[in-house]
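# Summary of structural features
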Amino acid sequence: MKKIGMFMAAMMIAATGFAKDIKTVVFNTAPEMHCQNCENRIKEGLKFEKGVKDIKTDLDSKTVTIEYDADKTSTDKLVEAFAKINYTATEAKAGGCKCKHAEGQGCCKKKAEGEGHKCKHAEGEGHQCKKHAQTAEETK
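Below you will find a few notes about this structure. (Residues numbered from 1 in each chain as written. Predicted model: local features only at pLDDT ≥ 70, side-chain atom pairs only at ≥ 80, totals over all residues. Heavy atoms only, no water.)

Buried within helix α3 (residues 75-84) are the following residues: Leu78, Ala81 and Phe82. Projected onto a plane normal to the axis of α3, the buried residues spread over an arc of 100° and lie on a single side. Across from the buried face of α3, at angles greater than 90 degrees, the exposed residues are Asp76, Glu80 and Lys84. As for α3, its buried residues are in contact with β1 (22-30), α2 (36-46), β2 (52-58), β3 (63-69) and β4 (88-91). (Buried < 20%, exposed > 50% of the residue type's maximum accessible area, 1.4 Å probe, protein only. Helix = DSSP H or I, 4+ residues; strand = E, 2+ residues; numbered from the N terminus. Arc of directions from axis to C-beta. Contact = heavy atoms within 4.5 Å.)

In structure tokens form, the structure reads like this:
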């Protein structure tokens, strides 16, 4: 009985030693994705990068979500991988909102506080946060 208990304890210790540090990061790209070809180019260009587990692209929010093994790669290395395929990648702010006031609720702090949304994306230039996006008329 003791042998079985010791064997089980050894197996549990060994299993924790093999645990992976899987993380997820969301990127905005320049130029922005605007079609299926852009999505395919990004997916094909990054799928063989060391540590990449999954790549999801979203044309509506113009973001790329990558699940990766942090023991094998980092966000800096992923940014370098984007550069190899002629894209500039920046880590997306909360909720995919690209404006400088982005916060955890997914949009501008000013909008969330009811002060009126003043970033350029609200003025008809493709604001990424659907929750609080406004037309140019609503921002005036």
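Back to the write-up after that little detour.
This part is about the sheet that holds β1. Taken in spatial order, the four strands line up as β2-β3-β1-β4 in an open sheet, and their pairing is antiparallel. In this open sheet, the two edge strands, each paired with only one partner strand, are β2 and β4. Averaged over neighbouring strand pairs, the angle between their axes works out to 30° when direction is ignored. Pairing geometry for β2 and β3, over six bridges, is antiparallel. Within β3, the residue paired with lysine 56 across the bridge is threonine 65. Running over the sheet, α2 touches β1, β2 and β3 and is turned about 170° from β2. Along the sheet, α3 contacts β1, β2, β3 and β4; its crossing angle with β1, the most-contacted strand, is approximately 35°. (Pairing = 2+ DSSP bridges. Axes fitted to C-alpha atoms, helices over the stretch in contact; angles between N-to-C directions.)

A few words on a positive patch on the surface. Where like charges cluster on the molecular surface, the positive patch consists of Lys20, Lys50, Lys53, Lys72 and Lys77. We classify lysine 72 as partly exposed; its relative accessible area is 36%. (Patch = residues over 30% accessible without salt bridge, like charges linked within 9 Å, V, L, I, M, F, W, Y side chains within 5 Å. Areas by Shrake-Rupley, 256 points an atom, 1.4 Å probe, with all protein chains shown as cover. Salt bridge = Lys/Arg side-chain N within 4 Å of Asp/Glu carboxyl O. Lys, Arg positive; Asp, Glu negative; His and termini not counted. Charge placed at Lys NZ, Arg CZ, Asp CG, Glu CD.)

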